[in-house]
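# Per-entry structural report
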Number of protein chains: 2
Amino acid sequence: MAVTIKDVAKMAGVSISTVSRVINNSKPVSSDIRDQVLRVIKETGYVPNPVARSLVTKKSNIIGVIVPDISSLFVGDLLSGIEEIGRMYEYDIFLCNTYGESERELKYINLLKSKAVAGIIFVSEKLEKPQIDLVKESQIPSVYISKNAKDFDVYSIGIDHKQASYDMTHYFINKGKKKIAFLRASVEDNIEDSERYKGYKKALEDSGIDLDKSLVLQGDSTNESGYRIVEMLIEKGNIPEAIFASSDELAVGALNALLDNRINVPKDVSIAGYDDTRIASMIRPSLTVIKQPIYDMGAVAARIIVKLIDNQDVEEKYIILPHTLIERQSS
Amino acid sequence: MAVTIKDVAKMAGVSISTVSRVINNSKPVSSDIRDQVLRVIKETGYVPNPVARSLVTKKSNIIGVIVPDISSLFVGDLLSGIEEIGRMYEYDIFLCNTYGESERELKYINLLKSKAVAGIIFVSEKLEKPQIDLVKESQIPSVYISKNAKDFDVYSIGIDHKQASYDMTHYFINKGKKKIAFLRASVEDNIEDSERYKGYKKALEDSGIDLDKSLVLQGDSTNESGYRIVEMLIEKGNIPEAIFASSDELAVGALNALLDNRINVPKDVSIAGYDDTRIASMIRPSLTVIKQPIYDMGAVAARIIVKLIDNQDVEEKYIILPHTLIERQSS
DNA sequence: CTGAAAGCGCTAACAC
DNA sequence: GTGTTAGCGCTTTCAG
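Residues numbered from 1 in each chain as written. Chains lettered and ligands numbered in written order. Predicted model: local features only at pLDDT ≥ 70, side-chain atom pairs only at ≥ 80, totals over all residues. Heavy atoms only, no water.

### Section: the protein's contact with DNA strand C
The condition is simple: In these notes, residues near a molecule or strand are those with any non-hydrogen atom within 4 Å of it. Think of a polar contact as two N or O atoms within 3.5 Å of one another; within protein, one of them needs to be a possible hydrogen donor and the other a possible acceptor, and neighboring residues in sequence only count if both atoms come from side chains. Strands are runs of DSSP state E lasting at least 2 residues, helices are runs of H or I lasting at least 4, and numbering of each runs from the N terminus. Polar here means any residue other than Ala, Val, Leu, Ile, Met, Phe, Trp, Tyr, Cys and Pro, which are nonpolar, and Asp, Glu, Lys and Arg, which are charged; Gly is therefore polar.
Taken together, 29 residues lie near DNA strand C, and T18, R21 and S30 of chain A together with I5 and Y46 of chain B sit nearest. Take S30 of chain A: an N or O atom from its side chain is 2.6 Å from a phosphate oxygen of DNA strand C. Within the side chain of R53 of chain B, one N or O atom sits 2.7 Å away from a phosphate oxygen of DNA strand C. Among the elements of the structure, α2 (16-24) and α4 (50-57) of chain A together with α2 (16-24) and α4 (50-57) of chain B are those that each provide at least two residues to the surface near DNA strand C. With six residues, the top contributor of residues to the surface near DNA strand C is α2 of chain B. When its residues are assigned to classes, the surface near DNA strand C shows 14 nonpolar, ten polar and five charged.

### What about the pattern of salt bridges?
Stated formally: When a carboxyl oxygen of Asp or Glu is within 4 Å of a side-chain nitrogen of Lys or Arg, the pair counts as a salt bridge. When a residue's accessible area, from a 1.4 Å probe over protein chains only, is under 20% of the maximum for its type it is buried; when over 50% it is exposed; and in between it is partly exposed.
Summed over all chains, the structure comprises 34 salt bridges over all chains. E195 of chain A is the salt-bridge partner of K198 of chain A, the closest N and O atoms lying 3.4 Å from each other. You can see K198 of chain A and its partner E195 of chain A sitting in helix α9 (residues 195-206), three residues apart, about one turn around the helix. Judged by relative accessible area, which is 33%, K198 of chain A ranks as partly exposed. Among the salt bridges present, the one from E125 of chain B reaches K147 of chain B, with a minimum N-O distance of 3.1 Å. Taken as a pair, E125 of chain B in the loop between β3 (119-123) and α7 (129-138) and K147 of chain B in the loop between β4 (142-145) and β5 (156-159) lie far apart in primary sequence, 22 residues in all. Assessed through its relative accessible area of 31%, K147 of chain B is described here as partly exposed. Several salt bridges converge on common partners, so that one network encompasses E83, E84 and R87 of chain A.

### Quick look at unusual backbone geometry
The linkage connecting V265 of chain A with the following residue, P266 of chain A, adopts the cis geometry, with an omega of 10 degrees. As for its position among the elements, P266 of chain A is in the loop between α11 (248-260) and β9 (270-275). For the peptide bond that leads from R284 of chain B to P285 of chain B, omega is -10 degrees, which places it in the cis range. Positionally, P285 of chain B belongs in the loop between α12 (278-282) and β10 (288-291). The phi angle at Y99 of chain A is positive, at roughly 55 degrees, despite the residue not being glycine. For E90 of chain B, which is not glycine, the phi torsion reads 65 degrees and is therefore positive.

### A few points about the side chain of N148 of chain B
All names here are of chain B. Here is the rule: Contact definition: two residues touch when any of their heavy atoms are within 4.5 Å.
Along the chain, the position of N148 falls in the loop between β4 and β5. We classify N148 as buried; its relative accessible area is 14%. A distance of 2.9 Å separates the side chain of N148 from the side chain of S146, its partner in a polar contact. With near-sequence residues (within four places) excluded, N148 lies in contact with E125, K126 and L127.

### Some details on the sheet that holds strand β7 (residues 216-219) of chain A
Residues and elements named next belong to chain A. Here is the rule we go by: Any two strands with at least two DSSP bridges between them are considered paired. Fitted lines through C-alpha atoms serve as axes, helices being fitted only where they are in contact, and the angles separating the N-to-C directions of these axes extend from 0 to 180 degrees.
With mixed pairing, six strands are arranged side by side in an open sheet as β7-β6-β8-β9-β10-β12. The sheet is open, and its two borders are formed by β7 and β12 (324-326), each paired with just one other strand. Adjacent strand axes in the sheet meet at a mean angle of 20 degrees when their direction is disregarded. Of the strand pairs in this sheet, strand β6 (residues 180-185) and β7 are connected by four bridges, and their pairing is parallel.

### Structural notes on the UniProt feature "domain: HTH lacI-type" (unreviewed entry) in chain A
We count it as follows: UniProt positions are given in the numbering used here, feature names are shortened, and annotations may be inferred rather than shown by experiment.
The positions UniProt marks with the feature "domain: HTH lacI-type" (unreviewed entry) are residues 3-57 of chain A. As annotated, residues 3-57 of chain A has a helix share of 71% and a strand share of 0%, and its two end C-alpha atoms lie 21 Å apart.

### Considering the pairing of strand β4 (residues 142-145) of chain A
All names here are of chain A. Rules: Clockwise travel from the first strand over the helix to the second, with the strands pointing away from the viewer, marks a crossover as right-handed.
Side chains S142 and Y144 project from β4 onto one buried face, and the interleaved V143 and I145 project onto a second face that is buried too. As judged from the four bridges shared by strand β3 (residues 119-123) and β4, these two strands associate in the parallel manner. In the strand pairing of β4, I120 is matched with S142. In this fold, β3 hands off to helix α7 (residues 129-138), which returns the chain to β4; that crossover is right-handed.

Okay, here's the thing in structure tokens:
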């Protein structure tokens, strides 16, 4: 059996309250007694039982992190950032994988609630009201990372997707491209509502280029989907001058479809991705991308959660981190 | 305040022990009373407090997972497998990221111990005795995933690395290659001890090919490292006919170094990777690889842990899953 | 500044 | 079959 606060108290010849006070620094303790207690703690290797502690305080030092897919590069980087900062403040990570299913998201929120987690970081492809309401109801501090987080009154981290998308489209236009395809991972919602689409559209408008609906394409987030879509374009002979995909994987799929059909990238067609996950710089030709500061987004999310837990002020609700356009070989 | 067992007991007109009995099925309860209790539970939406429960049983339904790097594709897939099976048995995942540092590994083992996790799945580049001893001492059921797990008396999951490595080397030899480089991510240990190296060496021996030490190369696990090493080989004019890298990322780095120096793959040089992470099929030329069933390894690890927790028999300590050689464009 | 005691929500003897 | 009760290890009033 591990040593408990009782043992320490007995060995130090004080009451357990005193021991509790020194380990929590919750109330003044005369320095000689404090030293005595500290010595016993060191000798015995005593570690407070977090479960018992959590039972009485109704708090834990656990941050619940809900993600749609652990095995994605994006989420991996995000988790690194969260973990790193979380650990700095002595918080641990409780991981929930939802596969993007709303039902599972709800289930996990309830679970985290019952675990009395100190905070929740919620990562989702697309936020929905029921989930947000459930979290709000729980009163647990929360931060969101999602494309549409700014549609809700919640703390969130993101980049300016519309601007980023505008930048990339504009970059292509500047390079003399007119026929620019927009490849997007659909999430059952209206494409018109998508920030990225808005940025793309606006850039075309500002340059007086007509939007060609046959070049606005929806897939899912996999590279296979990007492959199929571009292959279809090729079959139809509707080959664009540039392809702007809304994720790196989608871009890789598009790239492979072109290469496999002996279409040169970037000579015949330019390609750009979105996110700058590790793969973007690993493939050849390497991908021109909009870089999202993914690790930083995780780190900032963790920082915010910690602040919220400590009741500190958080300047803004919707934090926008800077994005960058990274030019590589694919354009 | 959430509803507690007390509230349920009062509303159902029974004692809290009875309520406890029905939620745990721990002792017989007459069916009418059981129904009554169940109804109140449903009405109130009562959920037992896992913290309180854990305090008295000294157990939780949490599996602690210690990994070297969450953001790696390998670990991501592994986690998917663990999570999926874990969830099936109602276990949750507590995530610990060590960056491969022994000190942090030890710290986390202690943490998991104090959290009273039900089991530990330990993923590491290279297992060391102190860590294993600490886990054993804790009496917590544990499963290991690591190249050198079989050097210890622990439950572990893996593939037959020596055979896999033999297979790949043999494959190259069969294709008429004689000058086969072996690229390896070193982990400060003696390369001679590495199973993969042994397989490589044996395949050469069996075919009467002399081992050329200038083609046995060590890097770290990044693609940059693979890039540098192969670049160096090119500078020296010591270009092999085939390169067998001990990870996909390493192989990608090697591949890029060749492509960037206008050396054709697979015409001039063949390349093979190891693991079959998602990137292997995403790049062009796609990578010939030894496929480790990563997801399955995670799933099996979770299954074993659950069995150990339930004191069920586990047939073997060291479980070897089948590997496959997948031939793609790079060879 | 320190100790005694109540209680967090639950399980598990122990009685009846 | 069911209820009473003693903790699990800790924090936190409340006295002193």
